[in-house]
Amino acid sequence: MAIQRRDPYRNFNFRVAIGGRARANDGFSAVRLPTLLTRPDVAVDAEEALGEDSSHLVLRRGFTGALDLNEWWMQERGPKGSRGRIVTVELLDETNTEVAVAWRFTGCRPVALHYSSLDALESAVVTETIVLAFDDVEMS
């Protein structure tokens, strides 16, 4: 159940679990939560108002050589696909011990996988971003 308080939560304490509990090596550094719409036919108007396509769940992390996201994306490209996975995003309090609220996305399927540019003139971290369609979401 969501924990309500007077002061707003900060956006940097969170964890992500794909298909179960969060693993230490998942290391997601950014989550873009989707706009939740009451009707799919209003999606275009809502997204235009927000100035972006916001109907997908987007997860980003530094690339460590782990191929789990690539394997999931490759599996979905195959002829059989899957029923999708459960992805849970938990917002934590400042102590990183209490879950303030959780979003549970069901039927998640990759629709895009992106790797950042490689540039010999920069020293930035290589990131991988997975864009997920989903069937439903509930908050608790």
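Residues numbered from 1 in each chain as written. Predicted model: local features only at pLDDT ≥ 70, side-chain atom pairs only at ≥ 80, totals over all residues. Heavy atoms only, no water.

Trainee: Explain a nonpolar patch on the surface here, please?
Mentor: Taken together, the side chains of Phe63, Leu67 and Tyr115 present a nonpolar region at the surface, about 250 Å² in accessible area. Along the chain, Tyr115 turns up in strand E5 (residues 99-115). Look at Tyr115 and you get partly exposed, because its relative accessible area is 31%. (Patch = residues over 30% accessible without salt bridge, like charges linked within 9 Å, V, L, I, M, F, W, Y side chains within 5 Å. Areas by Shrake-Rupley, 256 points an atom, 1.4 Å probe, with all protein chains shown as cover. Salt bridge = Lys/Arg side-chain N within 4 Å of Asp/Glu carboxyl O. Helix = DSSP H or I, 4+ residues; strand = E, 2+ residues; numbered from the N terminus. Buried < 20%, exposed > 50% of the residue type's maximum accessible area, 1.4 Å probe, protein only.)

Trainee: Help me understand helix H2 (residues 68-77) in this model?
Mentor: Think of an α-helix as 3.6 residues a turn; residues three or four steps apart then line up on the same face. Among all positions in H2, only Leu69, Trp72 and Glu76 are buried. End-on view of H2: buried residues confined to an arc of 60°, all on one side of the axis. Looking at H2, the residues exposed on the side facing more than 90 degrees away from the buried face are Glu71 and Arg77. Of the surrounding elements, those touching the buried residues of H2 are strand E1 (14-18), strand E2 (28-32), strand E3 (57-62), strand E4 (85-92), E5 and strand E6 (127-133). (Arc of directions from axis to C-beta. Contact = heavy atoms within 4.5 Å.)

Trainee: Is there a simple way to think about the side chain of Thr88 in this case?
Mentor: Position of Thr88 among the secondary structure elements: in strand E4. Filtering out sequence-adjacent residues up to four positions away, Thr88 remains in contact with Arg15, Val16, Ala17, Ala102, Trp103 and Arg104.

Trainee: What is the right way to read unusual backbone geometry from this model?
Mentor: Among all residues save glycine, negative phi is the norm, and among peptide bonds the norm is trans. With phi around 60°, Asn96 is a residue other than glycine that occupies positive phi space. Tracing the backbone through its elements, the reader meets Asn96 in the loop between E4 and E5. Accessibility expressed as a relative area gives 42% for Asn96, which makes it partly exposed.

Trainee: What should I look at first to understand the pattern of salt bridges in this one?
Mentor: Once the charged atoms of two side chains with opposite charge are near each other, the side chains can pair. Overall, the coordinates contain five salt bridges when judged by the stated rule. A salt bridge links Glu94 to Arg5; the shortest N-O distance between them is 2.7 Å. Here the residue Glu94 occupies a position in the loop between E4 and E5, and Arg5 occupies one in the segment before E1, the gap between them amounting to 89 residues. Looking at Glu94, the relative accessible area reads 44%, which means it is partly exposed.

Trainee: I keep staring at the packing of aromatic side chains and nothing clicks. Help me out?
Mentor: Within a pair of aromatic rings, the relevant descriptors are the distance that separates the centres and the angle that separates the planes. Within the structure shown, the criterion is met by two aromatic pairs. Each ring, one from Phe63 and one from Tyr115, has its centre 5.6 Å from the other, and the planes form 85°; the classification is edge-to-face. Of the two residues, Phe63 is situated in the loop between E3 and H2 and Tyr115 in strand E5; the sequence distance between them amounts to 52 residues. Note on Phe63: relative accessible area 33%, which makes it partly exposed. A cation sits over an aromatic face here: Arg5 above Tyr9, 3.8 Å from the ring centre. (Phe/Tyr/Trp six-rings, centres within 6.5 Å; stacked < 30°, edge-to-face > 60°. Lys NZ or Arg CZ within 6 Å of the ring centre and 35° of its normal.)

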